[in-house]
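A look at the structure
For reference, the chains in residue letters:
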Amino acid sequence: MVVRRTRAPQPLAPHGIPGHLVEFVEALRGVGIAVGPSETVDAGRVLATLGLGNRDQLREGLACAVMRRAEHRETYDAMFDLWWPAALGARTVVDDDDEIAEQPDGPPPQDVEAMRDALVQMLANDPDLASMDDRLAAMIAQIVESFGRYNSSRGPSYSSYQALKAMALDELEGRLLAGLLVGYGDDPTPTQEQIAKSIAAKRISQLRRMVEGETKRRTAEQLGREHVQMYGIPQLSENVEFLRASGDQLRQMRRVVAPLARTMATRLAARRRRSRAGEIDLRKTLRKSMSTGGVPIDVVLKKPHPARPELVVLCDVSGSVAGFSHFTLMLVSALRQQFSRVRVFAFIDTTDEVTEMFGPEADLAVAVQRITREAGVYTRDGHSDYGHAFVSFQDKYPNVLSPRSSLLVLGDARNNYRNPQVDLLAHMVNAARHAHWLNPEPKHLWGSGDSAVPRYEDVISMHECRSAKQLATVIDSLLPV
């Protein structure tokens, strides 16, 4: 017989409140939020000033102390809820007589329909969930306890999926919408219908987040914070892998393009300033030393004349790597001032130039969407064919690459077992001054299946770029001085 030991509930702050704050800061660092010693000291002062009486004030105060970037707020809020929970154990419930009673141990029997009716009434009558009293929080806790609890190999745990399935959110949204439309009379206008739909969708989304938050709280008590932190905390947008990113995550990643471009442009400008000193001009130094009796007191330096190179981008825009290519194109477009000229070519199985879609005044998000609609990026079956893309590029644009050009290839090199045309790529690499390939796939997958990476690696430098942070690091190191 195998006896499994269940994890005993751990105290919330085993090392006291100061130790708990330090552990919270270390956890923030663990998920990628940079918090330095000075920010930690500021957080301690915030905690000493605000205390634990008002959780919302503490959340905002600590955010002001430790956060540097607004786009990290979603991850911070999830970590705050994990380390500074709203309650411990089963919440109390509020009955009809406004008397507070302790919730019994174990999942109590509940009338699902009655619970749904109460939720609809609450959501329809209150304009904002944030302004509701503790009754909604107690009801959410009751739902999670009744319908989200299950026994796992590690002991009792909670599932937001089970709780949300029992609540039938689609049905709730329809009933809530019908209730909201009643307030507009017998014949609501199309505008009023759109407003009601928006309100219903927003409140159901808030309700979903509340259930997920309550589930994480109870799971953390049973299985530990580390378990929830590993699986239930949203990643920072710059750490999300391109090939696994959802639509919302890709939209969040696009918002970090401008800050990344500014940082990289600043670093490049600093490197160029340091390189402007140049080498010693021996001839002019000796000539100037004649005025000091032949002693070279004043050293004359050669004035460098760095020329900004041309950048040629060749990117795969097929569905498998579209998010990565689009993000990289937006980043390159934001850095166009660092190059004398930027030319962009897109392909799926055939190459076409799309430079005009990325003009200085163009909307970058719209430009990347226009590529597949308007550009001639496929002429065969619409599956990636790097070999034919290189052939069409060389046939239509034979003089694009020159000793002043830097070639940047974007794609996963999955060629559907077709001719990779390695010799033609080698010719393109030799025609350019620099050539690099950015690949969004994990390195351990290179060469598996239909990947042609091993053959391409022999002729071009290939770099792993799985996330926005990794991509920025690679491009920053490749930018010419």
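Residues numbered from 1 in each chain as written. Predicted model: local features only at pLDDT ≥ 70, side-chain atom pairs only at ≥ 80, totals over all residues. Heavy atoms only, no water.

Taking an unreviewed UniProt entry as the reference, the protein chain is identified by name as VWA domain-containing protein belonging to Mycolicibacterium sediminis.

Turning next to empty space enclosed by the protein. In this structure the tally under the stated criterion is two cavities of 30 Å³ or more. Those elements that provide at least two residues to the lining of the largest cavity are α5 (112-125), α6 (134-147) and α7 (160-167). Tallying contributions element by element places α5 first for the lining of the largest cavity, with four residues. Counted by class, the lining of the largest cavity contains eight nonpolar, no polar and one charged residues. Its volume calculated, the second largest cavity comes out at about 30 Å³. Around the second largest cavity sit Leu329, Val332, Ser333, Arg336, Val342, Val344 and Phe358, which together line it. (1 Å grid on protein atoms, 1.4 Å probe; cavity = no way out; pocket = protein on both sides within 12 Å on 5 of 7 lines; lining within 4 Å. Points joined across faces, edges and corners; volume = space filled by probe spheres on them. Helix = DSSP H or I, 4+ residues; strand = E, 2+ residues; numbered from the N terminus. Nonpolar A, V, L, I, M, F, W, Y, C, P; charged D, E, K, R; others polar.)

What follows concerns unusual backbone geometry. Negative phi values dominate among residues other than glycine, just as trans dominates among peptide bonds. In the Ramachandran plot, asparagine 416 falls in the positive-phi region, its phi being about 55 degrees despite a non-glycine side chain. Phi at tyrosine 417 is positive, roughly 60 degrees, even though this residue is not glycine. Topologically, tyrosine 417 is positioned in the loop between β8 (405-410) and α17 (422-431).

Considering every residue of the protein chain, the mean pLDDT works out to 81; 86% of them sit at 70 or more. Note that residues 1-7 has pLDDT below 50 and, in this model, eight contacts with residues that lie over four places away or in other chains. In the predicted structure, residues 94-109 sits below a pLDDT of 50 and forms 23 contacts with residues beyond four places in sequence or in another chain. (pLDDT = per-residue confidence, 0-100. Contact = heavy atoms within 4.5 Å.)

Turning our eyes to something else, we now look at the environment of tryptophan 83. Checked against the element boundaries, tryptophan 83 lands in helix α4 (residues 73-83). Each C-alpha atom of the pair tryptophan 83 and leucine 21 lies 8.8 Å from the other, and the pair is 62 residues apart in sequence.

Turning next to the sheet that holds β8. Read from one edge to the other, the open sheet built from six strands follows the order β7-β6-β5-β8-β9-β10, with strand pairing classed as mixed. Looking at the sheet topology across the chains shown, the edges are occupied by β7 (351-353) and β10 (461-464). Across the sheet, the mean angle from the axis of one strand to that of its neighbour is 25 degrees, orientation sign disregarded. Alignment of β8 against strand β9 (residues 434-439), held across five bridges, turns out to be parallel. Note that in β9 the partner of leucine 410 across the bridge is leucine 438. Relative to β7, helix α16 (residues 386-396) is tilted by about 45 degrees, and along the sheet it contacts β5 (310-316), β6 (341-347), β7 and β9. (Pairing = 2+ DSSP bridges. Axes fitted to C-alpha atoms, helices over the stretch in contact; angles between N-to-C directions.)

The next subject is the side chain of aspartate 385. Following the sequence through the fold, aspartate 385 ends up in the loop between α15 (364-374) and α16. A distance of 3.3 Å separates a polar atom in the side chain of aspartate 385 from the backbone nitrogen of glycine 387. What aspartate 385 contacts, discounting residues up to four positions off in sequence, is Ile348, Asp349, Arg380, Asn415, Arg418 and Asn419. (Polar contact = N/O pair within 3.5 Å; in protein donor to acceptor, adjacent residues only side chain to side chain.)

Okay, the packing of aromatic side chains next. For the coordinates displayed, the defined rule picks out 16 aromatic pairs. Measuring from centroid to centroid gives 6.0 Å for phenylalanine 24 and tryptophan 84, while their planes differ by 85 degrees, and the two rings are edge-to-face. Here phenylalanine 24 is found in helix α1 (residues 16-30), whereas its partner tryptophan 84 is found in the loop between α4 and β1 (93-94), with 60 residues between them in sequence. Here the two residues phenylalanine 24 and tryptophan 84 agree in accessibility, since each one is buried. Counting every residue linked through ring pairs, the aromatic cluster contains Phe347, Tyr386, Phe390, Trp437 and Tyr456. Across the ring face of tryptophan 83, the terminal group of arginine 225 is positioned such that the distance to the ring centre comes to 4.2 Å. (Phe/Tyr/Trp six-rings, centres within 6.5 Å; stacked < 30°, edge-to-face > 60°. Buried < 20%, exposed > 50% of the residue type's maximum accessible area, 1.4 Å probe, protein only. Lys NZ or Arg CZ within 6 Å of the ring centre and 35° of its normal.)

Attention shifts here to the pairing of β8. Most of β8 sits out of view: six of its six residues are buried. Because side chains alternate across β8, one face comprises the buried residues Ser405, Leu407 and Val409, and the other comprises Ser406, Leu408 and Leu410, equally buried. Pairing of β5 with β8 involves six bridges; the strand directions are parallel. Looking at β8, one finds that cysteine 315 is bridged to leucine 410. Following the chain from β8 across α17 to the adjacent parallel β9, one finds a crossover that is right-handed. (Right-handed = clockwise from strand over helix to strand, strands pointing away.)

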